[in-house]
Amino acid sequence: MRISSPAFFVGLAFPALVWGADTEVTFSRDIAPLLQQRCVECHRDGGGAPFSLESYRDASRRASTILRVVEDRYMPPWHAIGGDIPLEGDRQLMPAQIELFRAWVEGGKAEGDPSDLPAPRQFVEGWQLGEPDLVIKMAEAYSLPADGPDIYRNFVVPTGLTQERFLRAVEFRPGSAEVVHHALLFVEGTDKARKADAEDEEPGFGEMPIDAAGGRQIGGWVPGARTRPLPEGLSHRIPAGADIVIQTHFHLSGKPESEQSTIGLYFTDEPPEREFAAIQIPPLFGAFSGIDLKPGEERAEIHDSFELPVPVHAFGAHAHAHYRGKSLRMVAKLPSGESLKLLNIPDWDMNWQEDYRFTEQVFLPAGTRLEVDVAWDNSAESTDNPVVPPVRVRWGFESLDEMGSIDLFVVPTGDQKIASNSMKTLQRAYRQHLVWCAGEHVLRPDKLAIFGDLRRKAIERFDRNEDGFLGFEERKTASAFLKRSTIKD
Ligand code: HEC
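A short tour of the structure in this document, coming up. (Residues numbered from 1 in each chain as written. Predicted model: local features only at pLDDT ≥ 70, side-chain atom pairs only at ≥ 80, totals over all residues. Heavy atoms only, no water.)

Right, let's get into the packing of aromatic side chains. The relative placement of two aromatic rings is captured by the distance of their centres and the angle of their planes. The tally for this structure, following the rule as stated, stands at ten aromatic pairs. For the ring pair Phe-155 and Phe-250, a centre distance of 6.2 Å and an interplane angle of 80° mean the geometry is edge-to-face. Linking Phe-155 in strand β3 (residues 151-158) with Phe-250 in strand β8 (residues 243-250), this pair joins segments that are 95 residues apart in sequence. The residues Phe-155 and Phe-250 share a single accessibility class, namely buried. Aromatic pair Phe-306 and Tyr-430: ring centres 5.8 Å apart, planes at 75°, arrangement edge-to-face. Here Phe-306 is found in strand β13 (residues 300-307), whereas its partner Tyr-430 is found in helix α7 (residues 416-441), with 124 residues between them in sequence. Overall, Phe-306 belongs to the buried group, its relative accessible area being 4%. Overall, Tyr-430 belongs to the buried group, its relative accessible area being 1%. Among the aromatic residues, those joined into a ring-pair cluster are Phe-27, Tyr-56 and Trp-104. Arg-62 extends its terminal NZ or CZ atom over the ring of Phe-51, reaching a point 3.7 Å from the ring centre. Above the face of the Trp-127 ring, Arg-173 is positioned so that its terminal group lies 4.0 Å from the ring centre. (Phe/Tyr/Trp six-rings, centres within 6.5 Å; stacked < 30°, edge-to-face > 60°. Helix = DSSP H or I, 4+ residues; strand = E, 2+ residues; numbered from the N terminus. Buried < 20%, exposed > 50% of the residue type's maximum accessible area, 1.4 Å probe, protein only. Lys NZ or Arg CZ within 6 Å of the ring centre and 35° of its normal.)

Next up, the structure:
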């Protein structure tokens, strides 16, 4: 589902503007093409948005709302704005296109000549990349109550593969999109997750047991997610007999629901030429960054940076925060002094978390410093604040807690051997950074003696009820989280 580049639209949008005020802006000639390119991917039957914007009737009765949401840049949903690197599938409207909406609405919403209408845009129905090579589904549905706190639950779905395969892309389809807030997918080559599942009477299992979290993340889903293959030459190895573990975060909807998700897997016959890594800054979604928002605080910020020890090509980025997230930015400071805004999200919206892919890979030499700033708004005035009057908010898993970080996806440069050595160097440096973050921000001074014992430090941070004692559940959570979030060997 490719979207044409903004430049193409300037061409489309300008004629009406340069013809001057006398030229009437019409739906058929000027607005329908814009709606088709920027809106109907969601605003059509089965597209995920609450109403269609395909016809003149659809659009004209909502004209003033349309104008409001495009001027506010609330629609189309696209939050990475003002970065230096062009992104695939950029949905932003150009200022001239917003002007065109304004001219149409203020000029009386003319329909124009239906023969000017563009041909209807064709969409792939069903799986975004066509029929997957393998479709697997949760064996049973999981029942959810009408309300209560958020639920994290893991589900094990066997692949049934009889030989190793190389995964290029994965699509997750929630059975009940109303309650699935987001889902992460891991590949698990051992029977640990299965055992945990067997020990739990209901479908799936709750907390990840300490040793069942060694799996590698292969994908995820959030509302508005698009399915994209990895760049050429990259793939995930899926061992024979592996399971896919779905870690689902449920946000209850007010009525009882049941969830049974489906996963589509796309394979390639070519083994991966290269390894890639997600460099998450700050590490562990900011668990060690001292996230502590005061009630009513309008701007709370954290900063973290990491220096690349080896040259890499970056191919994409992903940001994560919860409701009160305000802005996230990652800047690369190159050794030359040049600085590149890799990802800039000035107005975060938790509902529209994209997996951003650069249109071209970005070379970052060794010595490049990746700087990340995350800010939150915990004021009563913020319409995104889920708790008003505001309360103190700290780091945590639930969406009412906060988190914040940006992942940069990178492939070390050089031939296979050099790249593979570089990957080890990168992993070592990242671990050191993680330990540094943990020691710097989290540990009480009396615990600093165990510097180097990374897991122990992480566990210290997970004493969520602050009773000075780490309960069994807290320990499991901490360990699982730490393992998942560290770059794997
Ligand atoms: C990626 C999917 C997507 C795209 C693309 C998209 N929308 Fe939406 N739109 C939604 C969803 C989902 C909602 C309902 C939830 C919400 O309001 O956030 C919505 C809501 C709206 C609303 C109602 C807002 C309100 O306050 O009631 C309008 C009007 C709208 N969209 C117009 C547009 C226009 C115009 C475009 C193109 C310029 C567009 N949308 C592109 C998904 C999309």
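Let us now look at the nonpolar core. In globular proteins that are soluble, nonpolar side chains generally tend to be buried together. Within the largest apolar cluster, 55 residues are counted, with the highest numbers of intra-cluster contacts made by Leu-342, Leu-364 and Leu-408. Shared between two domains, this core takes at least three residues from each, and those domains are domain 1 (6-116) and domain 3 (277-485). Excluding anything up to four places from it in sequence, Leu-364 contacts Leu-308, Val-310, Pro-311, Val-312, Ala-314, Ala-332, Leu-334, Leu-340, Leu-342, Leu-370 and Leu-408. Membership of the second largest hydrophobic core comes to 27 residues, among which are Leu-144, Phe-172, Val-187 and Leu-252. (Core = buried A, V, L, I, M, F, W, Y, C linked by side-chain atoms within 4.5 Å. Domains from an automatic or database assignment. Contact = heavy atoms within 4.5 Å.)

Looking now at the sheet that holds β13. Strand pairing in a sheet relies on backbone hydrogen bonds. The paired strands run either parallel or antiparallel. With antiparallel pairing, four strands are arranged side by side in an open sheet as β13-β18-β15-β16. Edge strands, defined here as strands with exactly one partner in the open sheet, are β13 and β16 (339-345). Neighbour-to-neighbour, the strand axes of the sheet open up by a mean angle of 15°, direction not taken into account. (Pairing = 2+ DSSP bridges. Axes fitted to C-alpha atoms, helices over the stretch in contact; angles between N-to-C directions.)

As a further point, take the coordination of the iron atom of the ligand. The protein atoms that coordinate the iron atom of the ligand are His-43 (NE2) and Met-75 (SD), at distances spanning 2.0 to 2.3 Å. For the iron atom of the ligand, the six donor atoms are set out with angles of 85 to 179° between them, so the coordination reads as octahedral. Of this pair, His-43 sits in the loop between α2 (27-38) and α3 (56-61) while Met-75 is found in the loop between α4 (63-71) and α5 (95-106), placing the two residues 32 residues apart along the sequence. Its relative accessible area of 22% is what places Met-75 among the partly exposed residues. (Donors = N, O, S within 2.8 Å, 3.2 Å for Na, K, Ca; no water. Tetrahedral: all angles 85-135°; square planar, octahedral: opposite > 155°, others 65-115°.)

Looking at the element boundaries, Ser-176 is found in the loop between β4 (165-173) and β5 (180-188). By relative accessible area, which is 5% here, Ser-176 ends up buried. Setting aside its immediate chain neighbours within four residues, Ser-176 contacts Glu-257, Ser-258 and Glu-259.

Once that is clear, we can look at the sheet that holds β4. Spatial ordering of the open sheet is given by β1-β10-β4-β7, a layout of four strands whose pairing is antiparallel. Lying at the two open borders of the sheet, with one neighbouring strand each, are β1 (134-137) and β7 (236-238). On average, each strand axis in the sheet is inclined to that of its neighbour by 45°, with strand direction left out of account.

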